[in-house]
Amino acid sequence: MKKKFDSDEVIESLISATLGEQAGARERHLYRESLRNLVRLAKAEQVVEIKASVKRLTGVLDNQNARRRAKAILLAQQLPGILSSAQQKFEFKD
């Protein structure tokens, strides 16, 4: 048994109000599916918007930025040693 959603009831009432009782089965079906697709699109847009809001509020770094930041930190920590050894090679060049 399928669960009947509130949106299905609203869609059916919209079909009745817009097309009336004289509309054919094909016309009703096309209108019903168009409205269902519109509901799906609205839900998908809402999910995308919620995810963007959560990401903005929590300040979560995406994986690529986190990886770049970690590499930069590691390089910054190793840089003094690299520079001093390069300076010694330059000063005591045979």
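Counting restarts for each chain, with residues numbered from 1 along the sequence as it is written. Only residues with pLDDT of 70 or above have their local features reported here, since the model is predicted, and side-chain atom pairs are shown and tallied only from 80 upward, although totals for entire chains, interfaces and linings are computed over all residues. Just so you know, side-chain values use all the structure's heavy atoms and leave hydrogens and water out.

### Here's the deal with the side chain of R28
Operational definition: Secondary structure elements are defined from DSSP: runs of H or I of at least 4 residues count as helices, runs of E of at least 2 residues count as strands, and each element is numbered from the N terminus. Definition of a polar contact: a pair of N or O atoms within 3.5 Å, with one able to donate and the other able to accept a hydrogen when the atoms are protein atoms, and with sequence-neighbouring residues admitted only if both atoms are side-chain atoms. Throughout, a residue-residue contact means that at least one pair of heavy atoms, one from each residue, lies within 4.5 Å.
Considering the arrangement of structural elements, one finds R28 in helix α2 (residues 25-58). In terms of polar contacts, R28 uses its side chain to reach the backbone carbonyl oxygen of G20, at 3.1 Å. Residues contacting R28, with those up to four places away along its chain left out, are I15, S16, L19, G20 and A23.

### Describing the confidence of the model for the protein
To keep things clear, this is the line we draw: For every residue, the predictor assigns a confidence score, pLDDT, that lies between 0 and 100.
The predicted model of the protein averages 83 in pLDDT, with 81% of residues at 70 or higher. Mean pLDDT per element in the protein: helix α3 (residues 63-91) is the minimum at 75, and α2 is the maximum at 92.

### Observations concerning a nonpolar patch on the surface
Cut-off, in case you're wondering: Each patch is built from residues that are more than 30% exposed by relative accessible area and take part in no salt bridge. Like charges join if they lie within 9 Å; nonpolar side chains (Val, Leu, Ile, Met, Phe, Trp, Tyr) join within 5 Å. Computed with a 1.4 Å probe, the accessible areas rest on the Shrake-Rupley method; for each residue, only the protein chains presented here act as cover. The working definition used for a salt bridge is a side-chain nitrogen of Lys or Arg within 4 Å of a carboxyl oxygen of Asp or Glu. Working definition: with a 1.4 Å probe on protein chains only, accessible area under 20% of the residue-type maximum means buried, over 50% means exposed, and in between means partly exposed.
On the surface, L75, L79 and I82 cluster together into a nonpolar patch covering about 260 Å² of accessible area. On the accessibility criterion, L75 (47% relative accessible area) is partly exposed.

### Comments concerning the pattern of salt bridges
Summed over the entire model, instances satisfying the criterion amount to three salt bridges. As a salt-bridge pair, R36 and D8 come within 3.8 Å of each other at their nearest N and O atoms. Taken as a pair, R36 in helix α2 and D8 in helix α1 (residues 6-19) lie far apart in primary sequence, 28 residues in all. Across the pair E12 and R32 runs a salt bridge, and its minimum N-O distance is 2.6 Å.

### Structural notes on the environment of R40
Residue position: R40 is located in helix α2. A polar side-chain atom of R40 sits 2.5 Å from a polar atom in the side chain of N37.

### Some points on α1
What counts here: The span you would expect from a helix comes to 1.5 Å times its residue count less one. In this description, one arc is meant: the one made by directions from the helix axis to the C-beta atoms.
Its 14 residues give α1 an end-to-end C-alpha distance of 20 Å, which sits within 8% of 20 Å, the value for a rise of 1.5 Å per residue. Among all positions in α1, only D8, I11 and I15 are buried. All buried residues of α1 fall inside an arc of 60 degrees around its axis, so they share one side. Across α1 from its buried face, at more than 90 degrees, point the exposed residues D6 and A17. Contact partners of the buried residues in α1: α2.

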